[in-house]
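The chain contents come next:
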Amino acid sequence: ALAAIDYLAEVGRKYGSELASRYPGFTGRRLELKSAMSAIQAYESGLFGRLMEGLKRIPGLKIWGIADPARFDQRTPTVSFTLEGFSPRQIAEYLGQRGICVWDGHFYAQALIERLGLDESGGMVRVGLAHYNTAEEVDRLVTELLVLVSGQEGLPAVA
């Protein structure tokens, strides 16, 4: 736990110094941690906007959850989606073979997946971003999904 706190404090020192004025009354380690969390949130927010813009360009892709940029502050930088013609497992395996880690399934929300009618098709694909992800990684994910839907990879579609 101490290593995680030390790491976040370093993030605060390195990337959050311009945000320190938001926290009057905080000094030392507490200020570093507050600044780190603000810097991380700001970075992830920009990256998430880029991801959502890219996903919205993919034909047949449905985003589940808040997709309005004006409401991104109400969600985490994680998105679940389905892609017409492909099971979540096919998508996850396809991306995994290309070094892109995503999850597929119901994510311990079985009742929700059933209610949405997605249980039989395998649930959803979930992509989560963190402060160590890059814009290049987001762009590569979107590019690979575009290649998949274009049929260039020859992956059989689900009926």
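Quick caveat: nothing in here was measured; it's all calculated off a predicted structure.

Would you take a moment to explain the overall build of the chain for this structure?
Of the regular secondary structure elements, the chain holds five helices and four strands. The helix and strand sequence of the chain, counted from the amino end, reads α-α-β-β-α-β-α-β-α. In terms of its C-alpha atoms, the chain occupies a principal-axis envelope of roughly 60 × 35 × 30 Å. Counting across all 159 residues of the chain, residues that qualify as buried make up 38%. For the chain, the share of sequence-separated contacts (at least 6 apart) that also reach a separation of at least 24 residues comes to 61%. Looking at the chain as shown, the accessible area adds up to about 9,600 Å², and 54% of this sits on carbon and sulfur atoms. Taking the average location of the 17 positive side-chain charges in the chain and that of its 19 negative ones, the two points are 6 Å from each other.

Sorry, what's going on with the sheet that holds strand β1 (residues 61-64) here?
Strands pair in a sheet through their backbones, by hydrogen bonds, and they do so in one of two ways: parallel or antiparallel. Spatially, β1-β2-β4-β3 is the arrangement adopted by the four strands of the open sheet, whose pairing is antiparallel. Both outer strands of the open sheet, β1 and β3 (103-105), are each paired with one neighbouring strand and no more. The mean inter-strand angle of the sheet, taken between neighbouring strand axes irrespective of direction, is 30°. Inspection of the sheet shows β3 paired to strand β4 (residues 124-128) by three bridges, in the antiparallel sense. Residue pairing across strands places G105 opposite M124, the latter belonging to β4. The strands touched by helix α5 (residues 135-150) are β1, β2 (78-83) and β4; relative to β2, the strand with the most contacts, the crossing angle is about 10°.

Scoring rules and cut-offs
- Residues numbered from 1 in each chain as written.
- Predicted model: local features only at pLDDT ≥ 70, side-chain atom pairs only at ≥ 80, totals over all residues.
- Heavy atoms only, no water.
- Helix = DSSP H or I, 4+ residues; strand = E, 2+ residues; numbered from the N terminus.
- Buried < 20%, exposed > 50% of the residue type's maximum accessible area, 1.4 Å probe, protein only.
- Contact = heavy atoms within 4.5 Å.
- Areas by Shrake-Rupley, 256 points an atom, 1.4 Å probe, with all protein chains shown as cover.
- Lys, Arg positive; Asp, Glu negative; His and termini not counted.
- Charge placed at Lys NZ, Arg CZ, Asp CG, Glu CD.
- Pairing = 2+ DSSP bridges.
- Axes fitted to C-alpha atoms, helices over the stretch in contact; angles between N-to-C directions.

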